[in-house]
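Survey of secondary and tertiary structure
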Amino acid sequence: MSRAFRYTPPLADRGLIVRPRLLDRLHTRFERRLTAVVAPAGFGKTTLLAQAVQENTLSPLGEDRWLTCQRDDTALSFLGAGAFAAVGLTAPVPEDPREAAVTVAEAIWHAAPRQVALILDDVHLVGPSSPGGHFVAELVEELPRNGHVVLASRPPLPVRTSRLLATGDAVVVGESELHFEDDEVAAFAESRHVAPDLLRDVGGWPALAELTATAGPYAVSGYVWEELLSRLTPDRRRALAVLVAVGGADDELATALLGVDVRLEELLDGLPLVARGRSGWWSLHGLWTEVLQHQLDPAEVAAVRRTAGLVLARRHRYHDAVDLLTEAGAWEELRRVVVEVCEVGTPLVPPDQLEGWLRRLPPAVQGSAEGLLLSAMVAEPISPDAAEQILERAFALAPDTAPVRVACLNALLEVAFRRSDGTRMRRVIEQLTDLAAHGHERAASWIPLFRGLLARTPGEVRAQLASPALVAGTALSPVQEWLRGHLLLRSLGDAAAAESVARAALQQPAPNMLVQTQCLLLESLRLRGRLDQAAELLPDLLAGIDPARVCTSPECVTYAVVLLGVLGRDAEAAELLRATRAALADSTVDWAPVAAAVAEASVAVSAGDETAAAAALRSVQHLRLSRRRGVLTVTPAALPLLYVLLPEVRPQWDAEPPPGCFEAVLELSRALVAVREQGRLEAVRRLSADARAVVRAVLPGPWTAELALGMVASGLEEGRALVEELGPRARGTLRGVSASGPPPVAATARRLLREMPPAPTSRLELRVLGPMQLRRDGTVVVARELRRERVRQLLGYLLTHDRPTRAAVTADLWPDLDEVAAARNLRVTLAYLHALLEPDRREPDAPYFVRSNGPILHLVVDEALQVDVVEFERHLDEAARLEHQGAPSAALAAYQQALALWDTEFLPDVSGGDWLQWERDRLRGRFVGAAVRAGELLLARGDAAAARTLGERALGVDNWSEEAHQLLVAALLESGDLLDARRQLRRCLQALAELGVPAQPRTAALARRLEVHRGRPPG
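Please read these numbers as outputs of a predicted model, since none were measured by experiment. (Residues numbered from 1 in each chain as written. Predicted model: local features only at pLDDT ≥ 70, side-chain atom pairs only at ≥ 80, totals over all residues. Heavy atoms only, no water.)

Observations regarding the overall build of the protein chain
A count of helical and extended segments in the protein chain gives 57 helices and 14 strands. If you line up the protein chain on its principal axes, its C-alpha atoms span 110 × 80 × 45 Å. Across the 1019 residues in the protein chain, those meeting the buried criterion constitute 54%. Put simply, of all contacts in the protein chain between residues at least 6 apart along the chain, 67% involve residues at least 24 apart. (Helix = DSSP H or I, 4+ residues; strand = E, 2+ residues; numbered from the N terminus. Buried < 20%, exposed > 50% of the residue type's maximum accessible area, 1.4 Å probe, protein only. Contact = heavy atoms within 4.5 Å.)

So, in structure tokens, the structure goes:
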């Protein structure tokens, strides 16, 4: 039943009777943590669950997510990947079962207020003591209140249920309940157009009832199968036996197995215990197996399984292929599948799943070249040295022309690549070249990529990438595509082409290459100055960085740390580096020390400690990979750090500039050195447009500010924009340069510092989500200026409008005055506002908080002036970002911080025109939305009281919000206050009737839940 029904239940091949008593039990799955259906084969477990799913689509109480378990689900990576996909996660599966379970539980919590039931069919295939079994047990424990697990299993159930049953948080539907009762037997007989008496001896067993009804009135009790089979032609019986032997098929596979064109819909028409999938896959129930076992002899069974395994392997359904080939004892074919999976150096299947395959091989196959290759791939992430020794043995065992030799060489070359062992790589490439000369097409496509890694010049790399084996050969594997992108970016500096390769690879990513491909795309974007797009990718990359990934791909930490730094998220960069230092130190990859040193240097420069940064870089200068072109293959971020901090390396870069986008990086590095060390601005004036476009993206924040000063001193106004863009981050650099920088740049820094108002000595807090209140250093300000309505109006206007013109301000605040009078009133009101915000400002100093640039006015809100409405929206934006990342617990904290700032209304003590009303409406909407969402998350976490409070607060702001009514009804329902829940639902429906709009589906679902609760006994 497992194949091709992974994420959807099988479709009913015949009419089903409705079993209300059982559906009612399953109906409550959205109210309990665990629902289990436990019985031997033939009791209709899958059919019942599929019917419950179908019924729920007609009248939804929640969302069902289906996952059919398979034998490989004992491996955490396989079951975890299935569960992740079922709940919409794309992140890599953690190696720890509990961490994986928490990730799934968080994704379900993120779906609140929707109730989500994860249905695991055939869960008996997941051994309770396996990593997959531990994951299932942990998931049941970690579920939020809106999360539910449904398990269908043969006995015994692989999860402990006693505690949950005692608390009423679990229900188990067993064999006795699954038996047909008398009325169900009668209904079933009617649906099959047979007399009820025909089914009197089936003992309520659904499968036997189905068989008996199909066999008809002439079947003798105990001989139902014989009667059924007697009606089938020998060819049809044999075809059914073939389908049973291989676990099901679609038309294409059945045609390959039977040797004639087959339409399974016709072949299986009228037969009982048959399931079909939406993809066209058909499967016969396991009860057919024993009946048809004598239709094929063992050799025929092995032959059809072998054929099916090969067909599925061609479809890249490797797990199903290995199952079939193992059952067939088709070891030769299985070896070919192992080679296909492991040929790419980084296998297409995670190591823990490969380990499961290895255990199923007989000793003779384990000791073969292919078995040793498989063993090496299992060992490689933990012990590259052991893997290398096993690969050498495998290569020595393999016949001269065997494809396994290519796979062994690829794996050996990857080991050598991770060690930066060029001599070993060249020797392996020579061996691959010899194999290619003997007709190994796959070897031919690897050779130019590996030669490209060893090429000394960009021209040599281009020549290898233009090889016919890459351009016109077979389709490249995910690892080969990554290698191609790696060469395009790091060796040629072609960020645009690398981006294209990475985006194409991410359309169908191999799990083991996901993080590396994300890094390739992120770095391609950063080097083109597209920081916003790179920042959007960062959460997914951060989610994939775990100790195992850092050990094999340490550069991923460097990419993330550097990008966080240029985005101004220095604290996050430092924390990521701290969290991964141990893994970086443990990595056996040759370039790990260089990757770690560049990350350390990046964080140190951002913190203003260039001495520590230089020391980190010098600590790896004895390594070959830290020099010139080699370091670019580790991380392009090394170039400016090395050039600026280590003068001794500059001649190497100047003698042979790097290609492509790295030319702009070197250009900026030279210009920065010329400014800071020689006070020369010529290099700054000559900066190309490409270089000026990527300043912020490729230089650490302090260096961006320093070069921006040089640009301003050179007459390039782009520099001023960069300084303003950096904001407060630039002030420290400006102060330092003004005191000790080269004369022309120091003068520019002093001028900008003069033009930039002095930082206030006091900290202001402004409250506008209620009656306006100003605090200075924690003390409430009592000033006559604040009592002036025009001052409050102007302050509110500047808060709600980004850089308005004076004309716009006067038009909205003094619409009845002529331009001269309105302008005069604005000047007076501005003076009052300056006095309110900066009472100690000296006359020559420019105002800090309300700045004027020609006709433009600008209110500066930063660490010196904190405004509750700004913080309110910042917290809500952060919550939205965290929701997008699938982190509901962190999002809830952000929502709660925002909601705590809301008092009564935005500027309730200020009168205004449409501009104020529009802003009030917008903020009310954000408050109500946040209150409802936070309430939904709290309710899913089990805090009904807090959810109720938020529902009441939301309705206090907007009594017409259906979502707020829904939250309050759900909170009352969860609290067991059914009477108040019904009253609240009536208020909601009355409000909707007054508005003349229909109820949303969730409102209707809550009404149905209340009906379900009516009269139901507790538990």
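Digging into the side chain of Arg 335
Checked against the element boundaries, Arg 335 lands in helix α17 (residues 331–342). A distance of 3.0 Å separates polar atoms of two side chains, one belonging to Arg 335 and the other to Glu 332. Excluding residues within four positions of it along the chain, Arg 335 makes contact with Val 365, Ser 368 and Glu 370. (Polar contact = N/O pair within 3.5 Å; in protein donor to acceptor, adjacent residues only side chain to side chain.)

Points about the UniProt feature "domain: Bacterial transcriptional activator" (unreviewed entry) in the protein chain
UniProt annotation of "domain: Bacterial transcriptional activator" (unreviewed entry) refers to residues 867–1011 when read in the numbering used here. With 78% helix and 1% strand, residues 867–1011 has end C-alpha atoms that lie 47 Å from one another. (UniProt positions renumbered as here; feature names shortened; annotations may be inferred.)

Here's the deal with the packing of helix α51 (residues 868–884) against helix α53 (residues 914–941)
Running from N to C, α51 and α53 cross one another at 45°; their axes reach a closest spacing of 11 Å. Viewed along their axes, α51 and α53 adopt a mutual orientation that is oblique. Crossing of α51 against α53: the hand is left-handed. Between α51 and α53, the residues in contact are Val 869, Phe 872, Glu 873, Leu 876, Asp 877 and Glu 883 and Glu 919, Arg 922, Leu 923, Arg 926, Phe 927, Ala 930, Arg 933 and Leu 937, respectively. Looking at side-chain class alone, the contact of α51 with α53 contains seven nonpolar, no polar and seven charged residues. (Axes fitted to C-alpha atoms, helices over the stretch in contact; angles between N-to-C directions. Parallel < 35°, antiparallel > 145°, perpendicular 65-115°, else oblique. Left-handed = near helix turned anticlockwise from the far one by under 90°. Nonpolar A, V, L, I, M, F, W, Y, C, P; charged D, E, K, R; others polar.)

A short note on the environment of Leu 11
Mapped onto the secondary structure, Leu 11 falls in strand β1 (residues 11–12). Judged by relative accessible area, which is 24%, Leu 11 ranks as partly exposed. Spatially, the C-alpha atom of Leu 11 lies 61 Å from that of Arg 729, the residues being 718 residues apart in sequence. Residues in contact with Leu 11, not counting those within four places in the same chain, are Ala 275, Arg 276, Gly 277 and Arg 278.

Quick notes on the packing of helix α15 (residues 298–314) against α17
Packing of α15 against α17 brings their axes to within 10 Å, and their N-to-C directions diverge by 10°. Taken as axis vectors, α15 and α17 run roughly parallel relative to one another. When you trace α15 past α17, the crossing you get is left-handed. The segment α15 lies against α17, with Arg 306, Leu 310 and Ala 313 engaging Glu 333, Arg 336, Val 337 and Glu 340. Residue classes in the contact of α15 with α17 are distributed as three nonpolar, no polar and four charged.

Here we look at the packing of aromatic side chains
Applying the stated criterion across every chain, the model contains six aromatic pairs. For the ring pair Trp 902 and Phe 927, a centre distance of 4.8 Å and an interplane angle of 20° mean the geometry is stacked. You can see Trp 902 sitting in the loop between α52 (888–899) and α53 and its partner Phe 927 sitting in helix α53, a full 25 residues away along the chain. In this structure, Trp 902 and Phe 927 share a single accessibility class: buried. Looking at Arg 317, its charged tip hangs above the ring of Trp 281, at a distance of 4.7 Å from the centre. Over the face of the ring belonging to Tyr 848 we find Arg 851, whose NZ or CZ atom lies 4.7 Å from the ring centre. (Phe/Tyr/Trp six-rings, centres within 6.5 Å; stacked < 30°, edge-to-face > 60°. Lys NZ or Arg CZ within 6 Å of the ring centre and 35° of its normal.)

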